[in-house]
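Notes for the structure review
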2 protein chains.
Amino acid sequence: MPEVIADDSVGLVSPQLLHFDEPLTLRSGRVLPQYDLMIETYGELNADKSNAVLICHALSGDHHAAGYHSMDDAKPGWWDSAIGPGKPIDTNHFFVVALNNLGGCSGSTGPTSINPETGKEYGPDFPIVAVRDWVHSQARLADRLGIEQWAAVIGGSLGGMQVLRWSIQYPQRIRNAVIIASAPKLSAQNIAFNEVARQAIAKDPDFHNGHYLEHGTIPKTGLMQARMLGHLTYLSDDAMRQKFGRELKEGKLNYSFAPEFQVESYLHYQGEKFSTRFDANTYMLMTKALDYFDPAGDYDNDLVKCLAQTLCRFLVVSFTTDWRFSPARSEEIVNALVQVDKDVSYACIESESGHDAFLLPIPRYMAVFGAYMQRIARELGEDVA
Amino acid sequence: MPEVIADDSVGLVSPQLLHFDEPLTLRSGRVLPQYDLMIETYGELNADKSNAVLICHALSGDHHAAGYHSMDDAKPGWWDSAIGPGKPIDTNHFFVVALNNLGGCSGSTGPTSINPETGKEYGPDFPIVAVRDWVHSQARLADRLGIEQWAAVIGGSLGGMQVLRWSIQYPQRIRNAVIIASAPKLSAQNIAFNEVARQAIAKDPDFHNGHYLEHGTIPKTGLMQARMLGHLTYLSDDAMRQKFGRELKEGKLNYSFAPEFQVESYLHYQGEKFSTRFDANTYMLMTKALDYFDPAGDYDNDLVKCLAQTLCRFLVVSFTTDWRFSPARSEEIVNALVQVDKDVSYACIESESGHDAFLLPIPRYMAVFGAYMQRIARELGEDVA
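Residues numbered from 1 in each chain as written. Chains lettered and ligands numbered in written order. Predicted model: local features only at pLDDT ≥ 70, side-chain atom pairs only at ≥ 80, totals over all residues. Heavy atoms only, no water.

Residue and element names in this part refer to chain A. Summed over all chains, the structure comprises 28 salt bridges over all chains. A salt bridge links Glu332 to Arg329; the nearest nitrogen and oxygen atoms lie 2.9 Å apart. With Glu332 and Arg329 both in helix H9 (residues 327-339), this residue pair falls 3 residues apart, about one helical turn. The exposure class of Glu332 is partly exposed, given its relative accessible area of 31%. With relative accessibility at 5%, the residue Arg329 sits in the buried group. (Salt bridge = Lys/Arg side-chain N within 4 Å of Asp/Glu carboxyl O. Helix = DSSP H or I, 4+ residues; strand = E, 2+ residues; numbered from the N terminus. Buried < 20%, exposed > 50% of the residue type's maximum accessible area, 1.4 Å probe, protein only.)

Following the sequence through the fold, Leu145 of chain A ends up in helix H1 (residues 131-145). For the pair formed by Leu145 of chain A and Val97 of chain A, sequence separation is 48 residues and the distance between their alpha carbons is 9.6 Å.

Turning next to the nonpolar core. Of all hydrophobic cores here, the largest spans 254 residues; its most connected members are Phe369 of chain A together with Phe369 of chain B. Discounting residues that sit within four places of it in the chain, Phe369 of chain A has contacts with Trp79, Ala82, Pro88, Ile89, Ile154, Val178, Ile180 and Leu315 of chain A. (Core = buried A, V, L, I, M, F, W, Y, C linked by side-chain atoms within 4.5 Å. Contact = heavy atoms within 4.5 Å.)

The next point concerns the packing of helix H3 (residues 188-202) of chain B against helix H7 (residues 280-292) of chain B. Residues and elements named next belong to chain B. Their axes nearest at 10 Å, the elements H3 and H7 cross at an angle of 160 degrees. Classed by the angle they form, the pair H3 and H7 counts as roughly antiparallel. As for the relative orientation of H3 and H7, their crossing is left-handed in sense. In this structure, H3 contributes Ile191, Asn194, Ala197, Arg198, Ile201 and Ala202 to the contact, and H7 contributes Ala280, Tyr283, Met284, Thr287, Lys288, Leu290 and Asp291. Per-class residue counts for the contact of H3 with H7 are 8 nonpolar, 2 polar and 3 charged. (Axes fitted to C-alpha atoms, helices over the stretch in contact; angles between N-to-C directions. Parallel < 35°, antiparallel > 145°, perpendicular 65-115°, else oblique. Left-handed = near helix turned anticlockwise from the far one by under 90°. Nonpolar A, V, L, I, M, F, W, Y, C, P; charged D, E, K, R; others polar.)

This brings us to the sheet that holds strand S4 (residues 35-42) of chain A. Hydrogen bonds between backbone groups are what pair the strands of a sheet, and the pairing can be parallel or antiparallel. All names here are of chain A. What the 8 strands build is an open sheet, ordered S1-S4-S8-S5-S11-S12-S13-S14; its pairing is mixed. The open sheet has two free edges, formed respectively by strand S1 (16-20) and strand S14 (344-349), since each of these has just one partner strand. The sheet shows a mean angle of 20 degrees between the axes of neighbouring strands, direction not considered. Running at roughly 150 degrees to strand S11 (residues 152-156), helix H2 (residues 158-169) makes contact with strand S5 (52-56), S11, strand S12 (176-180) and strand S13 (313-319) of the sheet. (Pairing = 2+ DSSP bridges.)

Of the residues lining the interface, 53 residues belong to chain B; the matching set on chain A comes to 53 residues. Buried surface at the junction of chain B and chain A, summed over both partners, amounts to about 4,600 Å²; 67% is from carbon and sulfur atoms. Three residues, Arg246, Tyr255 and Phe257 of chain B, lead the burial of chain B against chain A; their summed loss comes to 18% of the area buried on that side. Between the two partners, chain B and chain A, sit 6 salt bridges. A salt bridge links Glu260 of chain A to Lys288 of chain B, with the shortest nitrogen-to-oxygen separation between them at 2.9 Å. No other element matches H3 of chain B, which puts 10 residues into the side of chain B that touches chain A. (Buried area = accessible area lost by both parts, 1.4 Å probe.)

What follows deals with helix H4 (residues 220-234) of chain A. Taking 1.5 Å per residue as the helical rise, H4 of chain A with its 15 residues ought to reach 21 Å, and the 21 Å between its terminal C-alpha atoms agrees with that figure. Burial within H4 of chain A is extensive, with 13 of its 15 residues counted as buried. (Expected span 1.5 Å × (residues − 1).)

Moving on, we come to the packing of aromatic side chains. Residues and elements named next belong to chain A. Here the structure, examined in full by the defined rule, presents 32 aromatic pairs over all chains. A ring pair is formed by Phe244 and Tyr266, whose centres lie 4.8 Å apart and whose planes are at 45 degrees; its orientation type is tilted. Here Phe244, found in the loop between helix H5 (237-243) and helix H6 (262-277), pairs with Tyr266, found in helix H6; they are 22 residues apart in sequence, far enough to count as distant. A relative accessible area of 18% places Tyr266 in the buried class. A ring pair is formed by Phe274 and Tyr283, whose centres lie 5.7 Å apart and whose planes are at 75 degrees; its orientation type is edge-to-face. Summarising the burial analysis for this pair, Phe274 and Tyr283 share the class buried. One aromatic cluster is present, built from ring pairs that chain together Trp78, Trp79, Phe319, Tyr365 and Phe369. Cation over ring: Arg144 sits above Phe20, and NZ or CZ is 4.2 Å from the ring centre. (Phe/Tyr/Trp six-rings, centres within 6.5 Å; stacked < 30°, edge-to-face > 60°. Lys NZ or Arg CZ within 6 Å of the ring centre and 35° of its normal.)

Mapping chain B onto chain A calls for a screw motion: a turn of 180 degrees about the axis and a shift of 0.0 Å along it, with 0.0 Å RMSD after fitting. The relationship between the two copies is best expressed as a two-fold rotation axis. Interface overlap between copies is the fraction of interface residues in one copy that are interface residues in the other; for chain B against chain A it reaches 100%, indicating a shared surface. (Least-squares fit on C-alpha atoms with pLDDT ≥ 70 in both.)

Encoded structure:
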């Protein structure tokens, strides 16, 4: 827990739950008659409401992006390294909005919420949501907050896909798109990893076809396995070599099937921890949204044509050892933007941390990101050093 | 099934079961009091027994490396593309020996065999075997066949590790080592993938801590998941992109959790097929042998020192898109051999097929491999075109 909160922290924060009564028609054709969004905000909205920044979360993220909920919190929000006074997303200049997406399990309407039509949890009956549905719900959130145009929409991984979708779906409502460690669509390999993870969950006898809450169980084992696999793909081969190598847990081989290498223990620990905090149906939904994302699909599979209509500036960032969404995938976005003469900055950051790098305060990453955000702040008339 | 058997096939073949009465002390310290090895041979042993070649199999391979067991067989042995008259391992010149390794499930003593001490299947009580144990048992097999020195020991992936171990453990008994798509030891990432696969099996309720045969079940689901993951890592991102891309099974998205993309269906099919033919305890054992393999561990973790004692010539082959055992891993072996002035040839083959490439008849691969083997045949006094 933080004994004192650092000067560059947003400090103690409180989430807010916003209710939306207007039905939301989803990509699948299904309709969510009403829903809640759990959000957090940091910094102050300026008088003309031009300094708002939206943070889009990745697979297992939520609305708690920065600061602490109480002095007892062991850890701050998931992107505290990037959000706060003097940080790249500088709360001295920006009004930052973070939310838990629909289908999530941290307060927004999702599989663990009560379905008003049945009076029971949605469970597996919660409709499959697509990235465009999230963006649609985020646009309504902007309406509610009186934000006509975001100064920037920012996200990494699945979050970056939401940013890309914003630039296409609401070109007038976004001035800057910051797309980090992302891709214009999943590859067959990406989809395959997701399916193996989903199978681990779906085949856990405690999953009960998603109706586990009614059975008083949770598919802990399946979630643990899904997370072990996910975690493994977020790290680079190099990072694992440096962090664990072939180090043994007990200094010697035991010739048994219990974890013997440190890397095995680490993955067990990560999987275990995740399996008690995350909802399995949400995990299934989030990976489906990843699989489906393919904005060029509506434009004859032509990403250039798809991005031609965007009006914002772009910052695209990738990391050298990210093999989940490699630099080549970010460069597909950059190259398509260049072909239609869009204003795009691109940085491929040297890092050994794989996909996870997007969450880490890597100096060159923070410098590039911070400089880009400062330019936006200066345009707002902010006094930036 | 083969309506006619091609001229370059070894044709119809029959496995033989050899019994060994002498106890085998394993690396773990446990002792296998007696055991059987299931083998196949192709070609003829020459008078001075100098033309014998040993084939070492990988994780899911066995003794049936080439030819057909009957005219009803749908497929030939697993390495039929490389073994036969006129093929790289040319049975006009070489006497080829292939075996199922100890711990296997295709006839050699393993978890599904009867433990003579209990009268029941070994199941999970079968001792964990290491690569050096296999090589030890293969040396006894050579003794049995009257083969003092192999003209070559050949293997890919886990098979290549056995070859490397042969060159260290029995330097006088091997003239040529052909190490394909292999590594001097697993990386943390490799171990992590194995552990995720083992967890899928171990946590299947039908696994019963390995005692599934006694319960009249098999852990099909776990094996299927392990194979889906394994298969995914054997293919390259490029190969999957070309083979499947984002192609849909039914031409449209269904917004459901059933497989929607072709790549998902393919992995399901591969996993399903494997789960009915392979023993789960064997899978567990084989992945442990992979994890443990680290011959330099006995030489102050110095691969150069470890390989200094080898006497054979080496052919090392890697494949550009193999990310399970990348070219860099093969080059560790090559560089260590070069440092101690060993006779080593190395080819990194351009291929889009990932780790699986080692099983495919890629023209440049077959040419390099064939030329190397022809040199050996010429030294035997064979008349090679």
